[in-house]
Amino acid sequence: AGQRAGNGALTFKAVPPNKLDSFIVPNGYDHAVVIRWGDEVVPGAPELDVHRQTGARQSKQFGYNNDFVGVLPLDRKGKRALLVVNHEYTNEELMFPGFTSHDALSVEQVKAAIAAHGLSVVELERVGDTGEYRVVGKGARRYNRRITALATKFELTGPAAGSSWLRTAADPNGRTVIGTLNNCAGGVTPWGTVLSGEENFNQYFVGGDAAPADLKPKLARYGIDTTNRYPSGSRKWERADERFDLAKHPNEAHRHGWIVEVDPFDPEGRPRKHTALGRFKHEGANVIVARSGHVVAYMGDDERFDYLYKFVSDKKYMKGNSWVARQHNLSLLESGTLYVAKLEYTSAAEIDGSGKLPTDGAFDGRGRWIRLVSGNRSYVDGMTAAEVLTFTRQAGDKVGATKMDRPEDVEPSLRTGKVYVALTNNSNRGTGSNPKADEANPRTANRHGHILELVEDRSDNTAETFAWSLPIVCGDPADPSTYFSGYDKTKVSPISCPDNVAFDSAGNLWISTDGNALGSNDGLFATPVEGPEKGHLKQFLTVPLGAETCGPFITGDDRSVFVAVQHPGEIGGASIDNPASNWPDGDFAKPGVVVTWRLDGGHIGA
Ligand code: FEO
Ligand code: CA
Ligand code: CA
Ligand code: CA
């Protein structure tokens, strides 16, 4: 990938906030829908027919609620590429005509919903010499693949694989899991695979009330209801597959909540769930190769008052594209050290929850990575390594990790090694008996979220100590509790609820949002993170009504930006029969992946 020459300034004209049912890009740019829910992935897939969806049909079609987007070139110029996408969850009310309740769906419809979860791998081709990409025509799609929650087998790796916590009647060895659940964000590794985070897996299980008493606290810490047979809003998947009933299969829940690694270049290969990276509501994972050659994965647990983590591999990254190097690198995430973050504060006494900057002029401090597990050795009193990795939240509780405002995407800049964390919001911060605002989470009832920058000591990503600061405290720039690195707030776009982050090759930070609490549609924003333009955040695009902006992914040549439009039309009371959005086809709303490019062929944002 060519590094961008010059200073990386972002010169595009900001898109104003709006509530349009359209996808809006800046002047001088164009966009196209690359693929949408129901489109063919596996050659021969039937067309989307919302009246006839089945597990088998959906297992060949593009899934629902696209979230993470990765684009991996198949050749040096990116004439062809592999698109890898997560399908996080389903909106049954927007998928099935006549939907009244989950109970009223047929078992075949439930199977269609289960199959609409997982991932898709799709071959793309560049359109001419532009930044546009489209799905390749028939006959050249040997990598196309659906990975589903319904049928795809996953191998568990690492120290917890095979442990008693992970054994079930269907898998007495505790090493093979069917399906992946609630795949949210992710990352592309330096060795050309994709990591995908299993996030809110708890919502697919029932019967927690009848789980063994000793497991109940463990299930409850992961958000599983242990008092009611059917938690409110249950999807009732146990009607299609009894493994979702914890009364019968209490360990099945522990087989989800992992980081999944998919090798899109191996369409027959079995994806893996890496236990060495711990189990929580994984937003995603992003990898950087440290100077020493060890690989470091940064991760967030997206829950109010949950933690930030990092993993450092035992083995070192092997350069090059040889078969030997690739086989070696594919094993890097199977063994290593897992840490959780503890942040320390310089101005703790001055934090009053209003967002007012302390007198030293910055929300900042230092921090430590607390070791939880290294290989098979636990560093947490009273917990084995397998237990720490399977019930990582409880391990974080025991060691006093810092409770954060919902850590979503956590991603290192490959240009500087600095790490950026999207802390999306936390309406409970400082309310009732909940933890009070602190310097790293400085607003009570934090509605709009903030961005944290983490700089490892000696610029060594394997370091056990770091410095941190908040370059952006989100919201309407007219709101005095917001902060944009001291940049002139009259020139900054309003931003709320940061979720996913990415970088262009100049090192600018791109931020997509989920749930804009300012009332406008969600979108994608960009800001420099170094130099005099640091904090000059501008809105680059907006997505249709009811949608959240996922992805984003900027190609290595900086000519294309991909985003996933997730849950368009997800507005209270709306349904496929009474849609709130008719993006992208004019009928009912469909989640889809969009590519945006510059009409003059130049670099995105520049
Ligand atoms: Fe699936 Fe944390 O967003
Ligand atoms: Ca997310
Ligand atoms: Ca990202
Ligand atoms: Ca989110």
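Preceding this paragraph is the structure being described.
Predicted, not measured: the structure shown is a model, and the values here were computed from it.

Let us now look at the overall build of the protein. The secondary structure content of the protein amounts to 7 helices and 32 strands. The C-alpha atoms of the protein give a radius of gyration of 23 Å, which matches the 25 Å a tight globule of 606 residues would have. Residue burial in the protein is summarised as follows: out of 606 residues, 57% are buried. Residue pairs in contact within the protein that sit at least 24 positions apart in sequence constitute 64% of those at least 6 positions apart.

A few words now on the environment of K218. Within the element layout of this structure, K218 appears in helix α4 (residues 216–221). Taking C-alpha positions, K218 is 7.0 Å from F391, a pair spaced 173 residues apart along the chain.

Take the environment of G449 next. Among the structural elements, G449 can be located in the loop between β22 (419–423) and β23 (450–456). Among the residues examined, G449 registers 29 C-beta atoms within 10 Å and is labelled buried. Sequence-wise, G449 and D499 are 50 residues apart; in three dimensions their C-alpha atoms are separated by 9.1 Å. Setting aside chain neighbours within four positions, we find G449 in contact with D405, L423, T424, N425, C474, S496, C497 and P498.

V69, L83, A297 and V421 are the most contacted members of the largest nonpolar core, which totals 160 residues. For V69, the contacting residues outside a window of four places in its chain are V85, C550, G551, F553, F562, V563, A564 and V593.

Strands sit in the order β26-β27-β28-β29 across an open sheet of 4 strands; the sheet is antiparallel. Both edges of this open sheet fall to β26 (498–503) and β29 (538–542), since each of them pairs with a single strand only. Averaged over all adjacent pairs, the angle separating strand axes in this sheet is 25 degrees, with direction ignored. For β26 and strand β27 (residues 509–513), the ladder comprises 5 bridges, and the chain directions are antiparallel.

Let's shift gears to helix α7 (residues 392–399). Within the sequence span of α7, burial applies to T392, R393, A395 and G396. Each buried residue of α7 sits inside an arc of 160 degrees when the element is viewed along its axis, so together they form one side. Residues of α7 that are buried sit in contact with α4, β14 (294–301), β15 (304–306), β17 (336–345), β18 (364–374) and α6 (385–390).

Moving on, we get to unusual backbone geometry. Going from W583 to P584, the amide bond is cis rather than trans, its omega being 0 degrees. Tracing the chain through its elements places P584 in the loop between β31 (560–566) and β32 (592–598). Positive phi values are uncommon outside glycine, yet N182 reaches one of about 55 degrees. Mapped onto the secondary structure, N182 falls in the loop between β8 (176–178) and β9 (183–188).

Once that is clear, we can look at the sheet that holds strand β1 (residues 29–36). Overall, antiparallel pairing links the 4 strands, which are arranged β1-β32-β31-β30 in an open sheet. The sheet is open, and its two borders are formed by β1 and β30 (548–554), each paired with just one other strand. Averaged over all pairs of adjacent strands, the angle between their axes in this sheet comes to 25 degrees, without regard to strand direction. Note that β31 and β32 share 6 bridges and pair antiparallel. By the bridge assignment for β32, V565 is matched with G592.

The rules behind each value
- Residues numbered from 1 in each chain as written.
- Chains lettered and ligands numbered in written order.
- Predicted model: local features only at pLDDT ≥ 70, side-chain atom pairs only at ≥ 80, totals over all residues.
- Helix = DSSP H or I, 4+ residues; strand = E, 2+ residues; numbered from the N terminus.
- Rg over C-alpha atoms; globule rule 2.2 N^0.38 Å.
- Buried ≥ 20, exposed ≤ 12 C-beta atoms within 10 Å, placed from the backbone.
- Contact = placed C-beta atoms within 7 Å.
- Core = buried A, V, L, I, M, F, W, Y, C linked by C-beta atoms within 7 Å.
- Pairing = 2+ DSSP bridges.
- Axes fitted to C-alpha atoms, helices over the stretch in contact; angles between N-to-C directions.
- Arc of directions from axis to C-beta.

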